[in-house]
Amino acid sequence: MKLIITDIKDFSVPVQGPHQVIRANESIPRCTGCFGCWVKTPGQCVIQDGYHLTGRDLSKCAQLILVSRCVYGSPSPPVKAVLDRAISYIHPDFAIRQGKMHHKRRYSNQITLSAYFYGEHITPQEQATARKILLANAVNYDGAVGSVSFYSSIEKLEEVTL
């Protein structure tokens, strides 16, 4: 299954195959860093607001696709907030990967992480930063990087099939 996290309110990008869309909005409460999702309610955020099962949603997907406005080489704040709230996807214990310490997997699935960024005038530096951030997230999830694409507008992005 594909799990798509997007900041596009009226998401109409065509998607092939089974998928779930999580629409991030400006009012999503930010992660408080309470560690409740790791110890009190493993795999589930303690803030019960519709985004609390995002970590478990990640456990059911093979592909995590971010469809977001590019903000200084990063996903938009609402998409980043959803990712932060999904920290329960990983385990609080640590493992060494690629010579660095990262969290262990909580679930057995391996995610391929892709991103489709939109925005006018995305610079080459922002594109490089976005690729580095996506790679870092993939390493943190003990997953792989798929595609990273950039579009000048939402309309151009809607011409693509995910």
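Remember, it's a predicted structure, so these values are computed and weren't measured experimentally. (Residues numbered from 1 in each chain as written. Predicted model: local features only at pLDDT ≥ 70, side-chain atom pairs only at ≥ 80, totals over all residues. Heavy atoms only, no water.)

Q: Sorry if this is basic, but what is going on with the pattern of salt bridges here?
A: Pairing is possible between side chains that carry opposite charge, provided their charged atoms lie close to one another. On inspection of all chains with the given rule, the structure shows four salt bridges. Across the salt bridge formed by Arg 97 and Asp 142, the nearest N and O atoms sit 3.5 Å from each other. Of this pair, Arg 97 sits in strand 5 (residues 90–97) while Asp 142 sits in the loop between helix 4 (124–140) and strand 8 (144–151), and the two are 45 residues apart along the sequence. A relative accessible area of 12% places Arg 97 in the buried class. The class of Asp 142 is partly exposed, set by a relative accessible area of 24%. (Salt bridge = Lys/Arg side-chain N within 4 Å of Asp/Glu carboxyl O. Helix = DSSP H or I, 4+ residues; strand = E, 2+ residues; numbered from the N terminus. Buried < 20%, exposed > 50% of the residue type's maximum accessible area, 1.4 Å probe, protein only.)

Q: How should I be thinking about the environment of Leu 66 in this particular structure?
A: By the secondary structure assignment, Leu 66 is in strand 3 (residues 63–71). A relative accessible area of 2% means that Leu 66 is categorised as buried. For the pair Leu 66 and Leu 134, spaced 68 residues apart in sequence, the C-alpha to C-alpha distance is 9.6 Å. Not counting residues within four places of it along the chain, the set of residues in contact with Leu 66 comprises Ile 5, Pro 75, Val 79, Leu 83, Leu 113, Ser 114, Ala 115, Tyr 116 and Leu 134. (Contact = heavy atoms within 4.5 Å.)

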